[in-house]
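Next come the chains, spelled out residue by residue.
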Amino acid sequence: MIMAENMEIDLVYLWVDGGDPEWRKRRNLYSQDSCRDEGMDSEARYADNGELRYSLRSADLYAPWIRKIFIVTDNQVPEWLDVAHPKIKIVDHKEILPADALPTFNSTVIEHALFRIPGLSEHFLYANDDMFFNKAVEKSDFFAKDGMPIIRMTRRPFRKLWYWYLKNIKKYTLNNYNRTIHNSSLLVEKEYGRYIGHKTHHNIDAYLKSDYEETYKKFKESIYPTLYHHIRNDNDIQRNIYSYVPIMEKRGHLKFVTQKTSFRCHIEHPHYIEDLKKSNPMLFCINDSQYANEASHKLVADFLKERFPEKSQFEK
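Quick word on the sheet that holds strand 3 (residues 88-92)
Think of a sheet as strands paired side by side through backbone hydrogen bonds, with each pair either parallel or antiparallel.
Then, number 1: Reading across from one edge, 3-2-1-4-8 is the order of the five strands in this open sheet, with mixed pairing throughout. A strand with exactly one partner marks an edge of an open sheet, and here the two such strands are strand 3 and strand 8 (205-208). Averaged over all pairs of adjacent strands, the angle between strand axes in this sheet comes to 30°, irrespective of strand direction.
Then, number 2: Relative to strand 8, strand 4 (residues 123-128) runs antiparallel, the two sharing four bridges. From the neighbouring strand, Leu125 faces strand 8, where its bridge partner is Ala206.
Then, number 3: Of the strands in this sheet, strand 1 (9-14) and strand 2 (69-73) touch helix 2 (residues 51-62), which is tilted by about 170° from strand 1.

Shown next as structure tokens:
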């Protein structure tokens, strides 16, 4: 057994610069103007608002024990990033995904391939670039004494019943995000006989690479079609499955979050900054969306500059 304090733990990000003309040319070949859910292929999914710089500052400040930081991109590199830094490694999509699955503009696809990152440690954290450490954290905040991941979720005990009600009584169609989580839950229910309604907290998550790979192999036949959905699709299998399986097989420790531990907000709601400061959580996530405007982006940019003013060692 590896004690938490002795673990080597890496951090993985996905990053894209949606303003890059070459990238936009590739995306335009696959973009779907007729998406049922406008959030599936909105500009907000690809916009670079500078969050990665500040997320790295938060990691440098509050989690200095991180061994390596892998940034998964589509032939892009942030211009301000010091790629020569020994902790930083850029990973291109083609290093971890099948050639015929490329190009992809679907983060769900990329998430299924994280275990293929060359040199990734057995214990790793995964974050989107809009997720941040808000205070000093220890390895034991993410992995227990037995080496197993702490799996943080938002409590949703009646989610399956609620979805049934929405579909059959309210005649409401789930948005793409909730649909793909439901797909993962149904797969796990078919295999283990139990539907997990809880959702991952949409913040920095902990995984074991070996579990991730074994889960992929176990459900490969069902996951495989997702790899060829260049844009988000209602039939995608969401990465919640990589948390659900360890829960079912007792290889992880389930913890339900509160806003004191994991705070998530959307930038179109201007009161979120005061709520965030009041909660003072361990982790926070500030989501962009198709409903945000220029004022929303300025507000979050100003907040992040104030919250993390000092350059990290990863910047030029």
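Quick look at the nonpolar core
Nonpolar side chains in soluble globular proteins tend to be buried together.
Then, number 1: By size, the foremost hydrophobic cluster in this structure holds 46 residues, and its most contacted members are Leu125, Phe133 and Phe142.
Then, number 2: A total of five residues in this core trace back to one element, the largest contributor, which is helix 2.
Then, number 3: With residues near it in sequence (within four places) discarded, Phe142 still touches Trp65, Leu125, Phe133, Val137, Met148, Pro149, Ile150, Arg152, Ile204, Ala206 and Leu283.
Then, number 4: By size, the runner-up hydrophobic cluster in this structure holds 36 residues, among which are Val12, Val72, Ile151 and Ile241.

Looking at the sheet that holds strand 9 (residues 253-256)
Then, number 1: With mixed pairing, three strands are arranged side by side in an open sheet as 7-6-9. The open sheet has two edge strands with one neighbour each: strand 7 (199-200) and strand 9.
Then, number 2: Direction of pairing for strand 6 (residues 150-154) relative to strand 7: antiparallel, over a ladder of two bridges. The partner of Met153 across the bridge, within strand 7, is Thr200.
Then, number 3: Each of strand 6, strand 7 and strand 9 is contacted by helix 9 (residues 241-248), which is oriented at about 115° to strand 6, the strand it contacts most.

What counts, and where the lines are drawn
- Residues numbered from 1 in each chain as written.
- Predicted model: local features only at pLDDT ≥ 70, side-chain atom pairs only at ≥ 80, totals over all residues.
- Heavy atoms only, no water.
- Pairing = 2+ DSSP bridges.
- Helix = DSSP H or I, 4+ residues; strand = E, 2+ residues; numbered from the N terminus.
- Axes fitted to C-alpha atoms, helices over the stretch in contact; angles between N-to-C directions.
- Contact = heavy atoms within 4.5 Å.
- Core = buried A, V, L, I, M, F, W, Y, C linked by side-chain atoms within 4.5 Å.
- Buried < 20%, exposed > 50% of the residue type's maximum accessible area, 1.4 Å probe, protein only.

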